[in-house]
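Take a look at the letters that make up each chain.
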Amino acid sequence: MLVSVDYKKFQEKLNAYSPDKPYTEEEAAEAFHNLVGLVRLFREVEREVCARKNLEPPSS
(Lines give C-alpha, C1' and ligand atoms only; values in the text may rest on other atoms or scores of the structure.)
Protein backbone atom coordinates (compact mmCIF):
# COMPACT_ATOMS: atom_id res chain seq x y z
CA MET A 1 0.00 0.00 0.00
CA LEU A 2 1.44 3.34 -1.01
CA VAL A 3 0.55 6.52 0.81
CA SER A 4 1.45 10.12 0.20
CA VAL A 5 4.11 11.42 2.59
CA ASP A 6 4.50 15.08 3.51
CA TYR A 7 8.30 15.25 3.69
CA LYS A 8 8.13 18.98 4.40
CA LYS A 9 6.16 18.27 7.60
CA PHE A 10 8.64 15.55 8.58
CA GLN A 11 11.47 18.04 7.93
CA GLU A 12 9.78 20.50 10.29
CA LYS A 13 9.51 17.79 12.96
CA LEU A 14 13.20 16.93 12.63
CA ASN A 15 14.25 20.57 12.72
CA ALA A 16 12.11 21.21 15.82
CA TYR A 17 14.85 19.44 17.79
CA SER A 18 17.34 22.19 16.82
CA PRO A 19 20.03 20.18 15.05
CA ASP A 20 23.39 21.94 14.49
CA LYS A 21 22.59 22.07 10.78
CA PRO A 22 18.89 22.11 9.80
CA TYR A 23 17.72 19.23 7.63
CA THR A 24 16.85 19.92 4.02
CA GLU A 25 13.69 18.44 2.55
CA GLU A 26 15.83 15.92 0.65
CA GLU A 27 17.62 14.86 3.85
CA ALA A 28 14.28 14.58 5.65
CA ALA A 29 12.96 12.33 2.88
CA GLU A 30 16.03 10.10 3.17
CA ALA A 31 15.71 10.03 6.97
CA PHE A 32 12.03 9.07 6.67
CA HIS A 33 12.83 6.18 4.33
CA ASN A 34 15.60 5.02 6.68
CA LEU A 35 13.17 5.15 9.60
CA VAL A 36 10.59 3.09 7.70
CA GLY A 37 13.30 0.56 6.83
CA LEU A 38 14.30 0.29 10.48
CA VAL A 39 10.69 -0.27 11.59
CA ARG A 40 10.30 -2.98 8.95
CA LEU A 41 13.50 -4.62 10.19
CA PHE A 42 12.19 -4.60 13.78
CA ARG A 43 8.95 -6.23 12.64
CA GLU A 44 10.85 -8.89 10.70
CA VAL A 45 13.12 -9.59 13.68
CA GLU A 46 10.12 -9.90 15.98
CA ARG A 47 8.46 -12.38 13.62
CA GLU A 48 11.53 -14.48 12.87
CA VAL A 49 13.67 -14.26 15.98
CA CYS A 50 11.02 -13.97 18.67
CA ALA A 51 8.73 -16.50 16.97
CA ARG A 52 5.72 -14.22 17.32
CA LYS A 53 4.21 -14.97 13.94
CA ASN A 54 0.78 -15.94 15.23
CA LEU A 55 0.71 -14.35 18.66
CA GLU A 56 -1.25 -11.31 19.72
CA PRO A 57 0.75 -8.41 21.20
CA PRO A 58 0.85 -8.49 25.00
CA SER A 59 -1.91 -6.54 26.69
CA SER A 60 -0.89 -3.91 29.19
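The paragraphs below set out a description of the structure included in this document. Please read all numbers here as calculations on a predicted model, not as lab measurements. (Residues numbered from 1 in each chain as written. Predicted model: local features only at pLDDT ≥ 70, side-chain atom pairs only at ≥ 80, totals over all residues. Heavy atoms only, no water.)

## Points about the overall build of the protein
And step 1. In terms of regular secondary structure, the protein is built from two helices and zero strands.
And step 2. Looking at the protein residue by residue over its 60 residues, the buried ones come to 7%.
And step 3. In the form shown here, the protein has an accessible surface area of approximately 5800 Å², with 54% of it arising from carbon and sulfur atoms. (Helix = DSSP H or I, 4+ residues; strand = E, 2+ residues; numbered from the N terminus. Buried < 20%, exposed > 50% of the residue type's maximum accessible area, 1.4 Å probe, protein only. Areas by Shrake-Rupley, 256 points an atom, 1.4 Å probe, with all protein chains shown as cover.)

## Side note on the packing of helix 1 (residues 7–15) against helix 2 (residues 25–49)
And step 1. Two elements in contact, helix 1 and helix 2, have axes separated by 8 Å at closest approach and are oriented at 90 degrees. In terms of their interaxial angle, helix 1 and helix 2 are classed as roughly perpendicular. Two secondary-structure elements touch here, helix 1 through Y7, K8, F10, Q11 and L14 and helix 2 through E25, A28, A29, A31, F32, H33 and L35.
And step 2. For the contact of helix 1 with helix 2, the per-class residue count stands at eight nonpolar, two polar and two charged. (Axes fitted to C-alpha atoms, helices over the stretch in contact; angles between N-to-C directions. Parallel < 35°, antiparallel > 145°, perpendicular 65-115°, else oblique. Contact = heavy atoms within 4.5 Å. Nonpolar A, V, L, I, M, F, W, Y, C, P; charged D, E, K, R; others polar.)

## A closer look at the pattern of salt bridges
And step 1. The tally for this structure, following the rule as stated, stands at one salt bridge.
And step 2. Between E27 and K21 there is a salt bridge; the shortest N-O distance is 3.7 Å. (Salt bridge = Lys/Arg side-chain N within 4 Å of Asp/Glu carboxyl O.)

## Structural notes on helix 2
And step 1. Its 25 residues place the ends of helix 2 35 Å apart at the C-alpha level, agreeing with the 36 Å of an ideal helix rising 1.5 Å per residue.
And step 2. Downstream of helix 2 by one or two residues, A51 has phi in the positive range, about 55 degrees. (Expected span 1.5 Å × (residues − 1).)

## A look at the side chain of Q11
And step 1. Topologically, Q11 is positioned in helix 1.
And step 2. On the basis of relative accessibility, which here comes to 11%, the residue Q11 falls in the buried class.
And step 3. Ignoring any residue separated from it by four or fewer positions in sequence, one finds Q11 in contact with Y23, T24, E25 and A28.

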